[in-house]
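Remarks on the overall topology
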Amino acid sequence: MAKRLRVSKRVDRFSCLPDELLGHIISFLPVKDVVRASSLSTRWSKVFSLISNLDFQNCYKTQKSESDSFMDFVDRVLLSHTGDVDRLGLKCGEFINSSKVDEWILYALQNNVKDLDLWLICGEFMGLPDEVFTCKTLASLKLDLHNNWKYALKLPVKVCLPSLKVLHLSGIEFSDDDSTRRLFSSCSVLEELVVKMRFAFLRKGKFSVCSPTLKKLTIDIAHNATNYKIVIDAPILVYFSCLHLPRRFLLKNLNSLVKADIYLGLVFGPGYSLFGHNAAGTDLLRGISNVQTLYLSCTFGEVFLKDSTVIPELPKLTYLHLDGHFLVGWERVLPRLLASFPCIEAFVLKVKQPYSRDNSEVMLPSETFPSFLLSQLKKLTIMSFKGKKDELHMVKHFLENAQALENFTVQIIARKGKTAEIWRSMITKKILKLQKVSKKCEVLVSFLT
């Protein structure tokens, strides 16, 4: 009897919520699931019409009949929808009619859309409706075009996006310098900009990003699009990512920059003269001189060794994550490189070498590295360790000379086979037996399978 009484007192609090709140909650479910739920009752049908997040996906359909069914489904959902649209997400494959995509986008614009996320393969895509570029409610616009490298962004005469804070553009071209200037200057509150180009988008000219409100910037340009100049003026930028380099960089007013993720590629490797393409790398690093955290990926060859000034001093850098491909010995590159970072306290090194070398006879006195490094480096991680003699020599050198070291982690790529366990035990013992100049230093050995 007592058990029945407890059951009878249960309250369906979910059904007691107002329709508007229920509509907001179920907006986070897949649209197809919400459609199924709407058939349960008249009330759920009404709630369904109020959902504010609309995400439709057709990107992996390979049959035209499936795409036709998808277009009918989207039409039916929008026909029954009555509330505002906070978000419209479309992932459309090659069989989706471009005019249908325009209709769906216009519907969202007419219903105060805030977030527009478009992932399109449409072969007939002719561009976004002009109304997108004058939408007062739009706060986030993401446009990702796949397999459509011939599309150049076309802007209407009037461009005004007063609420846009996030702008992602991928797989498009800019027709000229003026189009980029007009677009970015029309976004008066822009905080995050991502530009990813899979193909050469601006073979000659200038790509400018000038924004007093921008906080995060990512530029990922195709490696074959190099004959242009990038200009960035962003006084409150805190994060900057750049993959592949143009011919030249001009960076201004980046005094607020905290973190950067930079891929320099082969600019200091073979095939480039000392004052050739690597000038862009030097321009870039000089422009981010106030950065505190740096993720740097680069290939180092003889060009780097000819003039260490190609890496300018970064006086505020305290954390460096280096993904280094060494065409010459690390013992020649690292001392010159790290000399540019006088305040470094944490260093993560991922070592790549094109061939196996035996450095067992190479002697590296502590003065080879800058004295400030060995007296202030607190955390050191060596990744992609394979247990080669030259790598063990590196570990030994840092342990014997880094006086302030507190944490030293070696991440080893585990071997496979019958003798793997024996090798793991042997290499671990070798590392842990090495002498340490810092009494505070804790050594951790881990294995990546």
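An account of the accompanying structure is given in this report. Sequence order as written defines the numbering, with residues in each chain counted from 1. Per-residue local features of the predicted model are confined to residues with pLDDT of at least 70, and side-chain atom pairs are confined, for both listing and counting, to 80 or more; whole-chain, interface and lining totals are unaffected and use all residues. The side-chain figures draw on all heavy atoms in the structure; neither hydrogens nor water molecules are used.

On to the overall build of the protein. Scanning the protein from terminus to terminus reveals 13 helices and 20 strands. Residues classed as buried in the protein amount to 50% of the 449 residues present. Across the protein, contacts joining residues at least 24 apart in sequence account for 70% of those joining residues at least 6 apart. Summed over all atoms, the accessible surface of the protein reaches about 22,400 Å², with 53% contributed by carbon and sulfur. Think of it this way: any DSSP run of H or I at least four residues long counts as a helix, any run of E at least two long counts as a strand, and we number them from the N terminus. Note on classification: 1.4 Å probe, protein chains only; a residue is buried when its accessible area is under 20% of the maximum for its type, exposed when over 50%, partly exposed between these limits. In what follows, a contact means two residues having at least one pair of non-hydrogen atoms within 4.5 Å. Each accessible area value is a Shrake-Rupley result obtained with a 1.4 Å probe; residue values ignore everything except the protein chains displayed when judging cover.

This next bit is on the packing of aromatic side chains. The pairing test for Phe, Tyr and Trp rings, Trp by its six-membered ring, is centres within 6.5 Å, and the orientation test on the planes gives stacked under 30 degrees, edge-to-face over 60, and tilted for anything in between. For the structure on display, the rule yields 7 aromatic pairs. With centroids separated by 5.3 Å and ring planes inclined at 55°, the aromatic side chains of Phe369 and Phe398 adopt a geometry described as tilted. With a gap of 29 residues between them, Phe369 in the loop between strand S17 (346–352) and helix H11 (371–376) and Phe398 in helix H12 (residues 389–401) connect regions that are remote in the sequence. On the basis of relative accessible area, Phe369 is assigned to the buried category, the value being 1%. The exposure class of Phe398 is buried, given its relative accessible area of 0%. Both rings, one in Trp423 and one in Phe447, keep their centres 6.4 Å apart while their planes meet at 75°; by these two values the pair is edge-to-face. Of this pair, Trp423 sits in helix H13 (residues 420–432) while Phe447 sits in strand S20 (residues 442–448), placing them 24 residues apart in sequence. Judged on exposure class, the residue Trp423 and its partner Phe447 are both buried.

Quick look at the pattern of salt bridges now. A side-chain nitrogen of Lys or Arg and a carboxyl oxygen of Asp or Glu constitute a salt bridge if their distance falls within 4 Å. All chains considered together, the criterion is met by 11 salt bridges. The partner of Lys100 in a salt bridge is Glu103, and the shortest N-O contact between them spans 3.6 Å. Taken together, the positions of Lys100 and Glu103, both in helix H6 (residues 98–110) and 3 residues apart, correspond to about one turn of that helix. Ionic pairing is found between Arg248 and Asp283, a salt bridge with its closest N-O pair at 2.6 Å. In this pair, Arg248 sits in strand S13 (residues 248–252) while Asp283 sits in helix H8 (residues 278–287), placing the two residues 35 residues apart along the sequence. Residue Arg248 is classed as partly exposed on the basis of its relative accessible area, which comes to 40%. What makes Asp283 buried here is its relative accessible area of 13%.

Look at Asn253: it is not a glycine, yet its phi comes out positive at around 55°. Relative to the helices and strands, Asn253 is located in the loop between S13 and strand S14 (259–268). With relative accessibility at 43%, the residue Asn253 sits in the partly exposed group. Located in the positive-phi region is Ser384, a residue other than glycine, with phi close to 60°. Tracing the backbone through its elements, the reader meets Ser384 in strand S18 (residues 379–385).

Tracing the sequence through the fold places Asp144 in strand S4 (residues 140–145). Think of a polar contact as two N or O atoms within 3.5 Å of one another; within protein, one of them needs to be a possible hydrogen donor and the other a possible acceptor, and neighboring residues in sequence only count if both atoms come from side chains. Engagement of the side chain of Asp144 in a polar contact is seen with the side chain of Ser170, the distance being 3.3 Å.

Another aspect to go through is the side chain of Ser208. If you trace the backbone, Ser208 turns up in strand S9 (residues 206–210). Once residues within four sequence positions are removed from consideration, Ser208 is found in contact with Thr180, Phe184 and Val231.

Moving on: the pairing of strand S10 (residues 216–220). Any two strands with at least two DSSP bridges between them are considered paired. Both strand S8 (residues 192–196) and S10 contribute to a ladder of 5 bridges, which runs parallel. Counterpart to Lys196 in the pairing with S10 is Asp220. Where S10 lies against strand S12 (residues 239–243), 5 bridges are found, and the strand directions are parallel. Across the sheet, residue Lys216 finds its bridge partner in S12, namely Tyr239.

To continue, consider the sheet that holds S9. Pairing in this open sheet of 3 strands is parallel, and the strands run S9-S11-S13 from one edge to the other. Each edge of the open sheet carries a strand with a single partner, namely S9 and S13. The average angle at which neighbouring strand axes cross in this sheet is 10°, direction not considered. Note that strand S11 (residues 229–233) and S13 share 5 bridges and pair parallel. Bridge pairing in S13 places Asp233 opposite Lys252. Axis definition: a line fit to C-alpha positions, over the contact stretch in the case of helices; interaxial angles, taken between N-to-C directions, run 0 to 180 degrees.

Here the focus is helix H5 (residues 64–80). Two residues of an α-helix separated by three or four positions point the same way, owing to the 3.6 residues in each turn. To estimate how far a helix should extend, the number of its residues minus one is multiplied by 1.5 Å. For H5, with 17 residues, the first-to-last C-alpha span of 25 Å sits near the 24 Å given by 1.5 Å per residue. Listed in full, the buried residues belonging to H5 are Ser67, Phe70, Met71, Phe73, Val74, Val77 and Leu78. Angularly, the buried residues of H5 cover 160° about the axis, an arc narrow enough to put them on a single face. Among the exposed residues of H5, those oriented more than 90 degrees off its buried face are Arg76 and Leu79. Directions drawn from the helix axis to the C-beta atoms are what define this arc.

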